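# Secondary and tertiary structure notes
The primary structure of each chain is shown beneath.
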Amino acid sequence: MPVDGPVPWPLVEHTAAKHNIYNRYLHRWFPIILSDDSWNEATYAEGFSGPGIYAAGEDGSPIIAVRAFAEEVSNLSKKAKFLFIDDDQRCVTMLTEQLTRAFPQRPRSLGMMPVVIRKGKSEDLLERELDDLGAWGAPILAVLDSWGNAPVPYSFLQRIADNPGSEVIVTFKPQHFVRFVDDLGDGADDVFGGDRTWRQASSLPSSEKRQFILTCYRNALKTAGFRYLLDFELVDRRGDALYLVFGTNHRRGLEKMKDSLWEVDKVFGIGFRDPRDSQLETLFEFTDPELNPLSRLLRERLHTHGPTLVNDLCDFALFDTVFRPQHVIDALRPLVRSGVAVLDDGTRQIRRRSLIGLAPNTQGATPR
Ligand SMILES: C[S@@+](CC[C@H](N)C(=O)[O-])C[C@H]1O[C@@H](n2cnc3c(N)ncnc32)[C@H](O)[C@@H]1O
């Protein structure tokens, strides 16, 4: 769907925070991938690249990516390929100009750094262009930053998940699916891997629809073959949310993305939200993060899994929440202090090797 309005458009707070996270991640991704002896090359591909610039002159994601590469690894002798697709001719033209403006001299020769820019629908072109680039068989980072409707064939996500060292970042707007649940045809089911469960949102109370659709989408990406998913919402102070999902098969990728997330510049007025939190509380203060949502998630975890090693709860935080493992002990403290959770050694000293469970009188209670 081409841009509905002028190109370029103003940068909103979410986008600035999203770019900050991309930038931090790409400064890690390029050096790690391109110094790994397993590969001779890697590809960065955007299916919805935009014009490379915003209304006040801020960089778009393609410029951020090329710059991260140029700053980090231009001395490595491995090839980096770039693919940018957009279905709005204005974006394609402007991106071509912006790349020339930002990099008047190529960071690497054409042979070592091919850059392909195409106009067309991502659903038609993305896979084919990656074929033409000979990108498969080596790592691909696919950034799928649509208007939130994620119009990418599910088979493409499966192929990325199956391709060595490859990862995906998808932005997704559940509102789109909530609003059009009764109007969207079979193509919308393909976004969820052909599973029509998401359509049950139409019969849910309004307050539950968004979270239900996010859960369906997360499940679809998991089923596509990504071992680890990091998904979170970026929420501005007015409450507008943008949902991001990162899929990888590598623990290190997940850790690096989570580091990038928690290091995001604080000036953006943006908080994270864990879409699994029953109370949907946003975390605005990163230096001293609000841990109530994690306490709730840990309580739910103990409720469903019984007594668990704190170390395993740290893994749960890393793999299944927006939080970091180092937040877990602090988030458990109020549960232990209030008697909701108990340690098997009878003390209140929470250590990584402690076994912790819900107190017998709270076992059956629904966690809040
Ligand atoms: C959210 S913007 C991308 C912003 C960019 N990633 C950035 O952060 O600077 C989405 C872009 O996707 C393009 N687009 C929308 N639907 C598309 C489709 N089906 N195929 C290709 N491009 C599409 C729009 O023209 C728009 O430029």
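Figured I'd write up the structure that's included with this text. This structure is a prediction, so every number in the text was calculated from the model and none was measured.

Helices and strands together make up the secondary structure of the protein chain, namely 12 helices and 12 strands. A compact globule built from 368 residues would reach a C-alpha radius of gyration of about 21 Å, and the protein chain, at 22 Å, matches this within 12%. Along the longest, intermediate and shortest principal axes, the C-alpha atoms of the protein chain span 65 × 50 × 40 Å. Looking at the protein chain residue by residue over its 368 residues, the buried ones come to 54%. Counting contacts in the protein chain only where the partners sit at least 6 residues apart, residues at least 24 apart contribute 69% of the total. In the form shown here, the protein chain has an accessible surface area of approximately 16,000 Å², with 48% of it arising from carbon and sulfur atoms. Between the mean site of the 45 positive side-chain charges and the mean site of the 51 negative ones, the protein chain shows a separation of 4 Å.

Right, let's get into the pairing of strand 2 (residues 79–86). Regular strands show a simple pattern: their side chains alternate between the two faces of the sheet. Counting buried positions along strand 2 yields seven of eight residues, so the element is predominantly enclosed. Here strand 1 (residues 41–46) pairs with strand 2 via six bridges, running parallel. Residue threonine 43 lies in a different strand from strand 2, and its bridge partner there is lysine 81. Where strand 2 lies against strand 3 (residues 115–119), five bridges are found, and the strand directions are parallel. What sits directly across from isoleucine 85, in strand 3, is arginine 118. Since strand 2 and strand 3 lie parallel, the crossover through helix 3 (residues 89–102) that links them has a hand, and here it is right-handed.

Let us now look at the pattern of salt bridges. In this structure the tally under the stated criterion is 27 salt bridges. The residue arginine 238 makes a salt bridge to aspartate 240 at a minimum N-O spacing of 3.4 Å. Assessed through its relative accessible area of 67%, arginine 238 is described here as exposed. Judged by its relative accessible area of 39%, aspartate 240 falls in the partly exposed class. Measuring nitrogen to oxygen at the nearest pair gives 2.4 Å for the salt bridge that ties arginine 333 to aspartate 330. Taken together, the residues span about one helical turn, with arginine 333 and aspartate 330 both in helix 12 (residues 328–337) at a distance of three residues. The class for arginine 333 is partly exposed, based on a relative accessible area of 38%. A residue is classified by how much of its surface remains accessible, and aspartate 330, at 40% relative accessible area, is partly exposed. Counted as one network, the salt bridges with shared partners bring together Asp186, Asp189, Arg196 and Arg199.

Lining the immediate surroundings of the ligand are 25 residues, of which Met1, His19, Tyr54, Asp86 and Asp145 lie closest. Glutamate 46 is positioned such that a nitrogen or oxygen atom in its side chain is 3.4 Å from a nitrogen atom of the ligand. Glutamate 123 has a polar side-chain atom sitting 3.0 Å from a nitrogen atom of the ligand. For the ligand, whose free accessible area comes to 610 Å², the fraction covered by protein is 97%. Mapped onto the shell around the ligand, the elements with two or more residues apiece are helix 1 (13–34) and helix 4 (122–133). Tallied by class, residues from the shell around the ligand come to eight nonpolar, nine polar and eight charged.

Here we take up the packing of helix 1 against helix 9 (residues 251–262). Packing of helix 1 against helix 9 brings their axes to within 8 Å, and their N-to-C directions diverge by 145°. In terms of crossing hand, the pair formed by helix 1 and helix 9 is right-handed. Between helix 1 and helix 9, the residues in contact are Ile21, Arg24, Tyr25, Arg28 and Ile32 and Arg252, Gly253, Lys256, Met257, Asp259, Ser260 and Leu261, respectively. Counted by class, the contact of helix 1 with helix 9 contains five nonpolar, two polar and five charged residues.

Rules used throughout
- One numbering rule holds for all chains: residues counted from 1, following each sequence as written.
- Restriction of local features to residues with pLDDT of at least 70 applies here, the model being predicted, together with a cutoff of 80 or more for giving and counting side-chain atom pairs; totals for whole chains, interfaces and linings are based on all residues.
- Side-chain figures throughout are based on the complete set of non-hydrogen atoms in the structure, without hydrogens or water.
- Put simply, DSSP marks the helices as runs of H or I at least four residues long and the strands as runs of E at least two long, and each gets a number from the N terminus on.
- Atoms counted for the radius of gyration: C-alpha only. Globule rule: 2.2 Å times residue count to the power 0.38.
- Burial classes: relative accessible area under 20% of the type maximum marks a residue as buried, over 50% as exposed, and values in between as partly exposed (1.4 Å probe, protein chains only).
- Contacts: residue pairs with any heavy atoms within 4.5 Å of one another.
- Areas reported here follow the Shrake-Rupley algorithm with a probe of radius 1.4 Å; residue values treat only the protein chains shown as occluding.
- We count Lys and Arg on the positive side and Asp and Glu on the negative side, and we leave His and both chain ends out.
- Where a charge lies is defined by one atom per residue type, namely NZ (Lys), CZ (Arg), CG (Asp) and CD (Glu).
- Paired strands are those between which DSSP finds at least two bridges.
- Seen with its strands pointing away from the viewer, a crossover is right-handed when the path leading from the first strand over the helix to the second is clockwise.
- For this document, the term salt bridge refers to a Lys or Arg side-chain nitrogen within 4 Å of an Asp or Glu carboxyl oxygen.
- Think of it this way: one heavy atom of a residue within 4 Å of a molecule or strand is enough to make that residue near it.
- Between N or O atoms, a polar contact is any pair within 3.5 Å; within protein, one atom must be a potential hydrogen donor and the other a potential acceptor, and residues adjacent in sequence are included only when both atoms are from side chains.
- In the scheme used here, Gly and all other residues not listed as nonpolar or charged are polar, with Ala, Val, Leu, Ile, Met, Phe, Trp, Tyr, Cys and Pro taken as nonpolar and Asp, Glu, Lys and Arg as charged.
- To define axes, lines are fitted to C-alpha atoms, for helices over the stretch in contact only, and angles between the resulting N-to-C directions are given on a 0 to 180 degree scale.
- Two helices cross in a left-handed way if the nearer one is turned anticlockwise from the farther one by less than a right angle. They cross in a right-handed way if the turn is clockwise.

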